[in-house]
Number of protein chains: 2
Amino acid sequence: MVTMLDVARCAGVSKSTVSRVLNGKNVVREEVKALVYKAIAETGYRPNLLAQQLATQKSSMIGLVITNEVYNGPFFSTLVYNAAKFCEQHDHRLIFADGKHSADEEINAIDFLVRMKCAGIMVYPRHTSQAQLEKIINESPVPVMILNQQLTVRPDRNIFIDHYRGGEIMMDYLLSQGHSRIAYISGKMPSPSNQARQQAWQDKASPDSAALIAQGDWSMESGYQAALTLIDGAESFTALLAANDDMALGAIKALKDRGLRVPQDISVAGFDNAKIGHYFSPSLTTLDTPIEQMIQCAVEQIVNLPLDTPEHGLTGTLVVRDSVGPASVSGPN
Amino acid sequence: MVTMLDVARCAGVSKSTVSRVLNGKNVVREEVKALVYKAIAETGYRPNLLAQQLATQKSSMIGLVITNEVYNGPFFSTLVYNAAKFCEQHDHRLIFADGKHSADEEINAIDFLVRMKCAGIMVYPRHTSQAQLEKIINESPVPVMILNQQLTVRPDRNIFIDHYRGGEIMMDYLLSQGHSRIAYISGKMPSPSNQARQQAWQDKASPDSAALIAQGDWSMESGYQAALTLIDGAESFTALLAANDDMALGAIKALKDRGLRVPQDISVAGFDNAKIGHYFSPSLTTLDTPIEQMIQCAVEQIVNLPLDTPEHGLTGTLVVRDSVGPASVSGPN
DNA sequence: TTGAAAGCGCTAACAA
DNA sequence: TTGTTAGCGCTTTCAA
C-alpha cells in the first residue's frame, strides 16, 4: 500500500507538504504542488480515511440505524433514498447499521456507529425504550437523532411524525364519508407509528368497535389474513383502515376474493402513500407521510445548519383516491 | 473522550493489558481482568474502531455501492436486506455508498469504500464500463465484487444473473401460450439487466416486432405511459413484456384505463417477482430473480469462505400467475 | 514556504 | 503474566 510518505519521497518533499497540498491550504508553492500531484499520480496514492479521521478527530459519515423488519415496507426505500441524498448534499456519506430485531441489537448498532466516529447518527428505533434512547442521546459525543417517534425529552434530538394526528385525519375523512363502523388492521408492535394510529382510530371510532380490530405485521400477507378475519367476524363494518398501505392492499385482495367490492361494499384506506397505491385498482386512499422532510431535518441538524428543529411533529397529508367511497346502506354481513 | 490509557490508569495497569483483556487473549490474570472490566465500566470506555482498524490494518465492514436510481425498484429493499443479513451473519457490517448517476460518481463511491478500508466491496454497477470495473478490481487491495452484470474477465470477482436466459424463459412461456405478437417495455439504459432481457425479446419475437417496443425507465409511471404508446401504435399485439414488475403493473393500469382486459385481451408479464404482484389484480406473472443467492455468494467470497464462485450466471424461475393467458384470437387493434 | 516531531487511539512485538 | 516501545497513516503545531 502506498502511503503519504511514499508520495513525499517520490516528490522529494516532506510528508507535511504532501498533506498541505492535499488539504488545499494555499501555502504551498505552485511548483512544489505540481511535483506532489505528479508523485500522487505516479504512485497511485489514495489517502487512508481511517488515519485521516483518527488524526483530525472528525469524520464525514452519518450513520443510520434501522431494524431490518422495516426493510420491506415502502418506507424503507424512501427513507434510505432520502437519507443518502441529504447526506451527500452536505458532503457526508451515509453509513448504515442493521438494528435487527431487539433493543440490544439496536443499541449495538448505534454503538458501532459511535465508535466509528460518525459525525452524527439517525435512529429509526423499533425496540429501544425511551429511557434507553435518552441515555444514549445524552452520553453520545455526537448528535443522535431519533426519528419517527416522539421523545418526551430532548426535542433537539428528535424529529418525529405526528402519527396520532395522521390517524385523526384519516378517521375524520372516513367519518365524513358517512362511515360509522370502521375496522382497523394494526401493524406489528412495538411500533410508535402503529400505536398512535391505533389510538386515533380508537378515539374516533364508535365505542362499540372493540371487536373491529385485527392484528397484522405490516406485510401484505398479514393484511390479507387480517381482512379475512374481520370479514368472518360477527361485527359488520363499512370501512377498513389499515396501519400501512401494504396491509391495505392485502386487505383489498381479501375483500375481492370474498366477492366484496371496494369501495361500494367496503371502503379501504392505508397510510404512507406507497407508489403502487396509485396503480392499484381501486387506487388507494392514503396518508402521505413526510419522510423526506423528516430526514432532511435530521441531517441538517447533524451537520449543524442554523436550522430550527420543528417544535411539533410533522404531519402527513390526505391523498384521496378511489378505495374510499360513501358509506353503503348495508354492510357486508 | 475516554481512551484506553484512561482505563489503564484507572485500573492501575498498562495500556497493553487493557488491550489484551479486550481482545480476549487469555494471558491475563483473572483478578487483573476483573480490575480492567471494572475500570471500563467506571469510565464508560468505548474502543475507537478507527484506531483499532488503523492499527490492525483490517476491518469488518463490507461496502455496497448502488446507484440511487435503483432505490425505488423492489430490487432495492431485497438487495439491501440480504446484504445486511449476510454481512452480519459473517460478523461484518454493511456500509453503503451512493453511486448516484454517473460513472464518475460510482467510481468515487467505490474509492470511498476502499479508503475506508472495507474488507470487501460489492458493486451493483449502472454506469461504470467493463474496462473501468476491471481496472478497479485489479487495483483494489480488497475484493471488489461486481454484481448483476457479467464481466468478461475475473469471474472470481463477478456474481451475475443471467438476464438473457431469464428473458428467454419469459418469452418461451409467452410463446407457449400462443402469443406471437409480443410487445416490450424497456428499462432505462444503460442497464445490463434491460439490455439482456431486451435482446432475448428481440431474438425470440417475430421478426416484424421492431415497432412493438416502448421506452420506460423502470418506474410504474413510465410503464403506464409506455403501454399507452404501444396501445395507440399502429401494430397490434396480444402480450406485453415489461423489463420489470413495476412497469408491468403500470402497464396493466394503462390497459385497464383503455378498457382492455388482462389477460383476456392482452397478457402482461414482468421481471423480479415484486411482492405486490401477488396481490394485484390480475396477479402478475413474473420471473423470480435470485437476488438473495447473488448477495450471499458475493459476501461469502469477500469473507473468504471456501466457496466456489458459480461458473455461470444465476438464473431466475418463472412464477406463473394470472396476468398471462392464452393468446386471444383478436388483439386489441 | 517547508520540515521535524509529536500525537490521534489502538495493537503487537519484544523484554522483563 | 505484564510493561515498554514502536508503529498504523495521517494532521498539525512549532521552528527554521
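Residues numbered from 1 in each chain as written. Chains lettered and ligands numbered in written order. Predicted model: local features only at pLDDT ≥ 70, side-chain atom pairs only at ≥ 80, totals over all residues. Heavy atoms only, no water.

Chemist: Could you give an account of helix α11 (residues 245-257) of chain A, naming the residues involved and the relevant values?
Modeler: Each α-helix winds once per 3.6 residues, and so residues spaced three or four apart point in a common direction. Residues and elements named next belong to chain A. Taking 1.5 Å as the rise per residue, α11 with 13 residues should run 18 Å; its terminal C-alpha atoms sit 18 Å apart, in good agreement. Burial runs high along α11: eleven of the 13 residues are buried. What α11 keeps buried is the set D245, D246, M247, A248, L249, G250, A251, I252, K253, A254 and L255. On its buried side, α11 packs onto α5 (74-89), β6 (182-186), α10 (220-232), β8 (239-242), β9 (267-269) and β10 (286-288). Once α11 finishes, G259 follows within two positions and takes phi at roughly 80°, a positive value. (Helix = DSSP H or I, 4+ residues; strand = E, 2+ residues; numbered from the N terminus. Expected span 1.5 Å × (residues − 1). Buried < 20%, exposed > 50% of the residue type's maximum accessible area, 1.4 Å probe, protein only. Contact = heavy atoms within 4.5 Å.)

Chemist: Outline the side chain of S193 of chain B, supporting the account with residue identities and numerical values.
Modeler: Residue and element names in this part refer to chain B. For S193, the position within the fold is in helix α9 (residues 192-204). Taking relative accessible area as the criterion, S193 reaches 6% and is therefore assigned buried. With residues near it in sequence (within four places) discarded, S193 still touches Y124, N148, H163 and W218.

Chemist: If you had to explain the environment of D6 of chain B to someone new, which residues and values would you point to?
Modeler: Residues and elements named next belong to chain B. Note that D6 resides in helix α1 (residues 4-11). As a C-alpha pair, D6 and A39 span 33 residues in sequence and 8.8 Å in three-dimensional space. Only 2.7 Å separates the side chain of D6 from the backbone nitrogen of T3, close enough to count as a polar contact. (Polar contact = N/O pair within 3.5 Å; in protein donor to acceptor, adjacent residues only side chain to side chain.)

Chemist: Account for unusual backbone geometry, with residues named and values stated.
Modeler: Between V262 of chain A and the following residue, P263 of chain A, the backbone shows a cis peptide bond with an omega angle of 10°. In this fold, P263 of chain A is placed in the loop between α11 and β9. That bond from M189 of chain B to P190 of chain B is cis: its omega, 0°, falls within 30 degrees of zero. The phi torsion at W218 of chain A lies on the positive side, around 85°, for a residue other than glycine. Summarising the element assignment, W218 of chain A is placed in the loop between β7 (213-215) and α10. Residue classification places W218 of chain A among the buried positions, given a relative accessible area of 13%.

Chemist: Which residues make up the environment of G178 of chain A, and what are the values?
Modeler: All names here are of chain A. Residue position: G178 is located in the loop between α8 (163-176) and β6. By relative accessible area, which is 46% here, G178 ends up partly exposed. Expressed as a C-alpha distance, the spacing of G178 and S328, which sit 150 residues apart in the sequence, is 8.4 Å.

Chemist: I'd love a proper account of the pattern of salt bridges, names of residues and values included.
Modeler: Inspection of every chain in the model, using the stated rule, returns 38 salt bridges over all chains. Note that R157 of chain B is salt-bridged to D156 of chain B, the shortest N-O span being 3.7 Å. R181 of chain B serves as the salt-bridge partner of E235 of chain B, at 2.6 Å between the closest nitrogen and oxygen. Taken together, the residues E235 of chain B in the loop between α10 (220-232) and β8 (239-242) and R181 of chain B in the loop between α8 (163-176) and β6 (182-186) connect sequence positions 54 residues apart. E235 of chain B sits in the partly exposed class, given a relative accessible area of 31%. With relative accessibility at 17%, the residue R181 of chain B sits in the buried group. Look at the salt bridges and you will find they share partners, linking R46 of chain A together with D111 and R115 of chain B into a network. (Salt bridge = Lys/Arg side-chain N within 4 Å of Asp/Glu carboxyl O.)

Chemist: Quick one: what's the story with the protein's contact with DNA strand C, residue by residue and with numbers?
Modeler: The local shell around DNA strand C holds 27 residues, among which T17 and V32 of chain A together with M4, K15 and Y45 of chain B are the closest. Taking the atoms of DNA strand C that fall within 4 Å of the protein, sugar and phosphate contribute 63% of them. M4 of chain B is positioned such that a nitrogen or oxygen atom in its backbone is 2.4 Å from a phosphate oxygen of DNA strand C. At 2.8 Å from a phosphate oxygen of DNA strand C is found a side-chain nitrogen or oxygen belonging to S19 of chain B. Within the residue set of the surface near DNA strand C, elements represented by two or more residues are α2 (15-22) and α4 (49-56) of chain A together with α2 (15-22) and α4 (49-56) of chain B. Partitioned by chemical class, the residues of the surface near DNA strand C number twelve nonpolar, eleven polar and four charged. (Near = heavy atom within 4 Å. Nonpolar A, V, L, I, M, F, W, Y, C, P; charged D, E, K, R; others polar.)

Chemist: Which residues make up the domain arrangement of chain A, and what values go with them?
Modeler: Residue and element names in this part refer to chain A. Domain boundaries in chain A define domain 1 (4-56), domain 2 (61-160) and domain 3 (163-290). If you average the C-alpha positions of domain 2 and of domain 3, the two centres end up 28 Å apart. Between domain 2 and domain 3, the residue contacts involve ten residues of the former and eleven residues of the latter. Between domain 2 and domain 3, the buried area comes to about 780 Å², and carbon and sulfur atoms account for 54% of it. (Domains from an automatic or database assignment. Buried area = accessible area lost by both parts, 1.4 Å probe.)

Chemist: Any chance you could break down the protein's contact with DNA strand D for me, citing the residues and the numbers?
Modeler: In the region of DNA strand D, 26 residues are neighbours, and M4 and Y45 of chain A together with S16, T17 and V32 of chain B sit closest. At 3.4 Å from a phosphate oxygen of DNA strand D is found a side-chain nitrogen or oxygen belonging to N23 of chain A. Within the backbone of A55 of chain B, one N or O atom sits 3.5 Å away from a base oxygen of DNA strand D. Looking at the surface near DNA strand D, the elements that each hand over two or more residues are α2 and α4 of chain A together with α2 and α4 of chain B. No other element matches α4 of chain A, which puts four residues into the surface near DNA strand D. In the surface near DNA strand D, the residues fall into twelve nonpolar, eleven polar and three charged.

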